[in-house]
Amino acid sequence: QDYIKNRFKSDHSKHFWRCSETPNVILMLMDANLQSMHVGAVMRKVKSRTWKKQRYFRLQDDCATIWYKSKKAGNAHSTFSISDVEAIREGHQSEVLLSIAGEFPADRCFTLVFRGRRNNLDLVAESAEEAQSWVKGMRKLIESLENMDEQEKLDQWISDWFKKADKNGDGRMNFKEMLFKFSSNICAILCTLQKADKSQSGTLEDDEFVLFYKMLTQREEVNKIFQEYSSDGQTLSLRDLEEFLREGQLEQERVQEHAMELIERYEPSDTAKTRQAMTIDGFLMYLLSSEGSVFKPAMQQLYQDMSQPLCHYFISSSHNTYLMGDQFRGSSSVEAYIRALKRGCRCVEVDSWDGPNGEPVVYHGHTFTSKILFRDVITVIGNYAFKTSQYPVILSIENHCSVEQQRTMALHLTRILGDKLLRNTLEGKAYSGLPSPEDLKGKILLKGKKIGGLEESLSGVVEDSLAAEVSDEDDAAEIDEENDIVRRRPKKSKQRLSKELSDCVVYCKSVRFNSFKHSSVHSKFYEISSFTESKAKKHIKDAGAEFVHHNARQLTRVYPNGIRTDSSNFNPQEMWNAGCQIVALNVQTASTEMDLNDGLFSQNGRCGYVLKPAFMRSMEKQFDPDHPETQDGYRPVKLAVEVISGQQLPKVNLKEGSIVDPLVRLEIHGVLKDQAKQETRYIDNNGFNPVWRETLKFTIHVPELALVRFVVEDHDKTSKNDFIGQYTLPFSCIQQGYRHIHLLSKDGTSIPPSSLFVHIRIKEGT
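Treat the numbers as computed from the prediction; the structure is a model and nothing was measured.

Definitions and cut-offs
- Residues numbered from 1 in each chain as written.
- Predicted model: local features only at pLDDT ≥ 70, side-chain atom pairs only at ≥ 80, totals over all residues.
- Heavy atoms only, no water.
- UniProt positions renumbered as here; feature names shortened; annotations may be inferred.
- Helix = DSSP H or I, 4+ residues; strand = E, 2+ residues; numbered from the N terminus.
- Contact = heavy atoms within 4.5 Å.
- Polar contact = N/O pair within 3.5 Å; in protein donor to acceptor, adjacent residues only side chain to side chain.
- Buried < 20%, exposed > 50% of the residue type's maximum accessible area, 1.4 Å probe, protein only.
- Salt bridge = Lys/Arg side-chain N within 4 Å of Asp/Glu carboxyl O.
- Core = buried A, V, L, I, M, F, W, Y, C linked by side-chain atoms within 4.5 Å.
- Axes fitted to C-alpha atoms, helices over the stretch in contact; angles between N-to-C directions.
- Parallel < 35°, antiparallel > 145°, perpendicular 65-115°, else oblique.
- Left-handed = near helix turned anticlockwise from the far one by under 90°.
- Nonpolar A, V, L, I, M, F, W, Y, C, P; charged D, E, K, R; others polar.
- Disulfide = S-S within 2.5 Å.
- Phe/Tyr/Trp six-rings, centres within 6.5 Å; stacked < 30°, edge-to-face > 60°.
- Lys NZ or Arg CZ within 6 Å of the ring centre and 35° of its normal.
- Pairing = 2+ DSSP bridges.

K.L.:
Which residues make up the UniProt feature "binding site: Ca(2+) 5" (unreviewed entry) in the protein, and what values go with them?
P.N.:
Feature annotation in UniProt places "binding site: Ca(2+) 5" (unreviewed entry) on Asp714 and Asp716, given in this structure's numbering. Inspection of the secondary structure assignment puts Asp714 in strand β29 (residues 707-714). Residues in contact with Asp714, not counting those within four places in the same chain, are Val652, Ile659, Val660, Asp661, Asn721, Asp722 and Ile724. A polar atom in the side chain of Asp714 sits 2.8 Å from the backbone nitrogen of Asp661. The topology assignment puts Asp716 in the loop between β29 and β30 (722-730). On the basis of relative accessible area, Asp716 is assigned to the partly exposed category, the value being 26%.

Structure, rendered in C-alpha cells:
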C-alpha cells in the first residue's frame, strides 16, 4: 500500500486526498506562471465584435481545472478541464479576435482550442505579461497531461471523482454523494465502501481511502492471467514473461529481448528489475501502455512507401470545408479550415463567388450560409497546411466567379502562398505520370478547371481565356432522379476561365467524366473527375473492377449528394473499396462515417495519405470488390476477439439512479462480403468494471481493406441504446494477444481511463 500512499498523501490541514504528488501540483510549486494562474485574473471573454464581457478565471487546486465566473452571476460559475484543451493560439489567430484587432493588441489576446467540435474560447488579458503567463502556464499543464501514463490517468480520474464527492470540503468522502458518481452497481460499490470504512463512520479518511482505492482498482481478470504465467505466484521471471509473450501475445520474433525491454520500461520495483522479473504492477502498466494497446505501435509511425504516384494513395479529404454546421444555414469560418488541416485532411474545398469591392467570398452558394473572404481562407491554409503533415495539400476550387475576380483569386493564391503553391511541373515529371507525396512535400496543389493541358502549358501555346463551365460541381444541383423531390436549380451557363487562375492548376485538372472506356483511351494522368456519392455507387455497382482500374492511373473525388443539407455523411468504405482516393466528408459532423475515416487515417503517422493495397495499384491485375475470391492470391483470414472486460465506462445518462448496462459490438467494415457485426450480452448495472468473457468470430476476405470498429453502448430495453464510446482501426494494424482498447468519444477525443480489455487471435482462413 506504500505505492498508493505515496500517490495520495494525507494533508490533515487541508484535504487529505489532495493529489500532492501529481505532476501538475508539483509544477505549480515550481512555476511562477502556474502560481499566477492559481491566484486568478480578470479577463475579457469575447464571442463577437460586440460581445466582450469580463470574467474571473482561476486555476483550481488540482491543477487540472479552470474555474471562471461573472462578477454579476452571484455564486454561479463554470469550469472546464485542462484535458479538454488541445492547443493555445497566441495573438489574433481566430476570426473573433481578428474582428477586434483594432481595439486590443495581439500580445494581450489568446485562444483556447478545445478538443472535438467544441467552440473555442477567445480571451483578452489586462496586460501582455498576464496573457503570456496564462499561455505559458496552460501549455505546461497540457504537456504534463499528455505525458501521463495510463496509471497516472487512472489516478487522476479517481481523484477527480473523489473531489466531487467532498461537497463540504472537510476532507471526507460521503457515501451517498459518492454513489451517484459511479456508473456501476450501487450495491457492489456500497459493499466496497463499507469494507473500507473500518471506523464505521459513513465516510472515508486517511488509510481507509487508500484501502478503498486499492479495492476499487483491483483487476481480477489481469491478476488471473498473471498467476497463470507466474512460476512463484509473486512475479513473472524473465522466462515466465517470455512464455507470456509467445503464448499470450502470440509474438514470434525478438521475444527474450522484448521481455527484457518491458521489464526495464514498465517495472516500478528496482528489486524486481535487478532480478529481471516483473511484478503485477509492472505487468498492468505494460498492458495499459501504448505497447499493450490494440494498435501496432510501428504502424502509428510513418511506415509506408511515400514515393508512389498520388493516385496510389487514399487521401484524407473534406467537403465544403468552410462550413461549421449544416449546408443551408450553417456559418462559414476559417476556423473550419484550421480544424480540418489539424486533423490531417490533405484535400480541402473552397467555393468561391463574386463578392463586394472586387473581393471574392467563400460560402455555399444560393443558401443562407454566411460568407468569408477568399483571401482570409487562403491565408489560413498557408499558415496551417503543414503543421500536422508535410505531405501535399490539394486545394479543391469550386469557381463561380467572374473573370475579373478569378484574377483576384489567382493574385491572392500566388502572393499569399508564395513558393508553397505548385505553379509548374516538377523537374523530370512532366509527362511521366503523377508525382508522389514525397516529391510534393510542402506543396499546395490547386484542383480546378484548366485551359488546355500540361502539354500546351509547357509549350507556351495557351489561349488567354476559355469559355467553359468553370465550376467542376454544384453540390445542391447534383441530385439524382430518385431525389427529385428537391427543387433543381437552373442549368449552369458557360462562363469564361481566366488564364491567371488556369495557370495555377498543374497536376489536378478537373474534367467531366464520360465513361471508363473513354477514360482509358483519352484521359491524361493529370486529370481528375468528381462524382456525387450516388453516381459513384452506380459506377461501382455496374463496373466495380473497371472503376478500380481507372483509379489505379488517375485521381477520383467523391462528395456527398446535395440532399444532405444536414451535413450528414455517406459510407466512405464503399468508395475506398473501388480505389477512390479523395473521398470528401463533412468533417464537422460526428458520425460512424467519420469514425471510419479517422480509423483509416490513424495509421502512417496520421500524415493524411495511406498507400492503397498492391492489387489496387496494378494496371495488370483486376480486382472486383464484389467478387474478391477471383483475386490472385486470395487468402481470407479468421478473426477471433474475446471481449474480456471494460474499465471505468462513463455514465451517459446523468439522471439520478441511472446506471450503465454496457454491451460491446464489434463491426467489420470492408468489401460487401466482409460487412458484419456481432455483439456481447449486456451487463446489468456495471459500467465500472463489467466482465463479459465472450468471443466474437469473423471471416475477413479482404483484410487489406477492412476496418474494425469496437463500439460500447448502454443497453436500453425501451428505446435506442445510448452511445458510450468507440475505437476504429485498420485490420492490418491490429496487435494480437491481450490488448487494451482506449475508447474515444463521439467527437473522436479520448475519454481516459475508459477502456476495453480483449484477447485477439488472427489465423489464415480456409
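K.L.:
If you had to explain the pattern of salt bridges to someone new, which residues and values would you point to?
P.N.:
Note on pairing: side chains with opposite charge can pair once their charged atoms come close. If you walk through the whole model with that rule in mind, you get 31 salt bridges. Close ionic contact of Glu257 with Arg254 constitutes a salt bridge, the shortest N to O distance being 3.0 Å. Among the residues examined, Glu257 registers a relative accessible area of 43% and is labelled partly exposed. By relative accessible area, which is 44% here, Arg254 ends up partly exposed. Note that Glu694 and Arg681 form a salt bridge whose closest N and O atoms lie 2.5 Å from each other.

K.L.:
Tell me about the nonpolar core, and name the residues and values.
P.N.:
In a soluble, globular protein the nonpolar side chains are often hidden away together inside. Counting residues in hydrophobic clusters, the biggest one holds 65 residues, and the most contacted among them are Tyr337, Val348, Val350, Ile381, Leu395 and Leu413. For this core, the element with the highest residue contribution is helix α17 (residues 374-384), accounting for 6 residues. Not counting residues up to four positions away in its chain, the partners in contact with Leu413 are Phe374, Ile378, Leu395, Gly418, Leu421, Leu446 and Leu501. Judged by nonpolar contacts, the second largest core, of 32 residues, contains Met299, Val641, Phe710 and Tyr727.

K.L.:
For the packing of helix α16 (residues 334-342) against α17, give the residues involved together with the corresponding values.
P.N.:
Here α16 crosses α17 at 25 degrees, and the two axes come no closer than 9 Å. Taken together, the axes of α16 and α17 lie roughly parallel to each other. The interaxial crossing formed by α16 with α17 has right-handed handedness. Contacts between α16 and α17 involve Val334, Tyr337, Ile338, Leu341 and Lys342 from the former and Asp376, Val377, Val380, Ile381 and Tyr384 from the latter. For the contact of α16 with α17, the residue count by class is 8 nonpolar, no polar and 2 charged.

K.L.:
Can you lay out the state of the cysteines for me, pointing to particular residues and giving the numbers?
P.N.:
This structure, assessed with the given rule, holds 0 disulfides. Free of any disulfide, Cys347 has its nearest neighbouring cysteine sulfur in Cys508, separated by 8.0 Å. Residue classification places Cys347 among the buried residues on the basis of a relative accessible area of 1%.

K.L.:
Can you break down the packing of helix α11 (residues 238-248) against helix α12 (residues 255-266) residue by residue, with the values?
P.N.:
Between α11 and α12, the least distance of the axes is 9 Å, while the angle of their chain directions is 115 degrees. As the angle between them shows, α11 and α12 are arranged roughly perpendicular. The element α11 and its partner α12 pack so that their crossing is right-handed. Residues Leu238, Leu241, Glu242, Leu245 and Arg246 of α11 touch α12, and the partners they reach there are Val255, Gln256, His258, Ala259, Met260, Leu262 and Ile263.

K.L.:
Could you give an account of the side chain of Ser529, naming the residues involved and the relevant values?
P.N.:
Relative to the helices and strands, Ser529 is located in strand β21 (residues 527-532). Aside from chain neighbours lying at most four places away, what touches Ser529 is Val511, Arg512, Phe513, Leu555, Thr556 and Arg557.

K.L.:
Which residues make up the packing of aromatic side chains, and what are the values?
P.N.:
Evaluation of the coordinates by the stated rule reveals 23 aromatic pairs. Measuring from centroid to centroid gives 5.3 Å for Phe80 and Phe114, while their planes differ by 90 degrees, and the two rings are edge-to-face. Of the two residues, Phe80 is situated in strand β4 (residues 78-81) and Phe114 in strand β6 (residues 109-114); the sequence distance between them amounts to 34 residues. Here the two residues Phe80 and Phe114 agree in accessibility, since each one is buried. Taking 5.3 Å as the distance between ring centres and 85 degrees as the angle between the ring planes, the aromatic pair formed by Phe525 and Tyr526 counts as edge-to-face. The burial state of Phe525 is the same as that of Tyr526; both residues are buried. Three or more aromatic residues joined by ring pairs make a cluster, and in this case those are Phe226, Tyr229, Phe244, Phe283, Tyr738 and Phe757. Lying across the ring of Phe114, Arg118 places its NZ or CZ 3.9 Å from the centre. Of note, Arg219 hangs over the ring of Phe757, and the distance from its end group to the ring centre comes to 5.4 Å.

K.L.:
Could you give an account of the environment of Leu97, naming the residues involved and the relevant values?
P.N.:
Topologically, Leu97 is positioned in helix α4 (residues 95-99). For Leu97, a relative accessible area of 0% corresponds to the buried category. Here the alpha-carbon distance between Leu97 and Val46, two residues 51 residues apart in the chain, equals 7.6 Å. Those residues in contact with Leu97 that lie beyond four places of it in its chain are Gly91, His92, Cys109, Phe110, Thr111, Asp122, Leu123 and Val124.

K.L.:
Outline the pairing of strand β25 (residues 637-647), supporting the account with residue identities and numerical values.
P.N.:
With 8 of 11 residues buried, β25 lies mostly within the body of the structure. Pairing analysis gives 8 bridges linking β25 to strand β28 (residues 691-700), with the strands arranged antiparallel. In the strand pairing of β28, Glu642 is matched with Thr695.

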